[in-house]
Amino acid sequence: MKINVNHPSFISFLENITTEVLNNVTTANYFKLTHDKKMGVLYMVYKLLKKSMTLRTTLSDNEMKAFLVVLWKKNEENENYEFAAILNDIINNYEAVNNFIKPIKKPRKTKIDNSTNA
């Protein structure tokens, strides 16, 4: 899929996604957090990104990675370094963060017939 990343509507789309995530997650002092707390922030940001993306479009994993790269570079250009660092960490740890999002399927329970016909 080819997209003109410099098109005004796409830039507006990126800005809307960025503001929606930043309104819900505090990125201040991200660089001072421990690794476990950073993973929690990465999880929340990725979850919000997926939620806002599913409302507008559906993307495969490869397309989502490419979208994250574009979003990361645009935020770096806009000097939003904390959010850009979060996006970069999501890209680097994509498999680990993505596995948290996937629902866990529970095995089905089978009914056991305890009645006896004696």
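For the structure, see preceding data.
Note that this is a predicted model, so its numbers are computed, not measured. (Residues numbered from 1 in each chain as written. Predicted model: local features only at pLDDT ≥ 70, side-chain atom pairs only at ≥ 80, totals over all residues. Heavy atoms only, no water.)

Asker: Give a detailed account of the pattern of salt bridges, specifying residues and quantitative values.
Answerer: On inspection of all chains with the given rule, the structure shows 2 salt bridges. Here lysine 74 and glutamate 77 are joined by a salt bridge, their closest N and O atoms 3.9 Å apart. Placement of both lysine 74 and glutamate 77 in helix α3 (residues 61–77) is noted, with a separation of 3 residues, approximately one turn of the helix. (Salt bridge = Lys/Arg side-chain N within 4 Å of Asp/Glu carboxyl O. Helix = DSSP H or I, 4+ residues; strand = E, 2+ residues; numbered from the N terminus.)

Asker: An account of the environment of leucine 49 is needed here, citing residue identities and associated values.
Answerer: Summarising the element assignment, leucine 49 is placed in helix α2 (residues 35–56). Classification of leucine 49 as buried rests on a relative accessible area of 0%. Apart from residues lying up to four places away in sequence, leucine 49 is in contact with Ile17, Val21, Met64, Leu68, Leu71 and Leu87. (Buried < 20%, exposed > 50% of the residue type's maximum accessible area, 1.4 Å probe, protein only. Contact = heavy atoms within 4.5 Å.)

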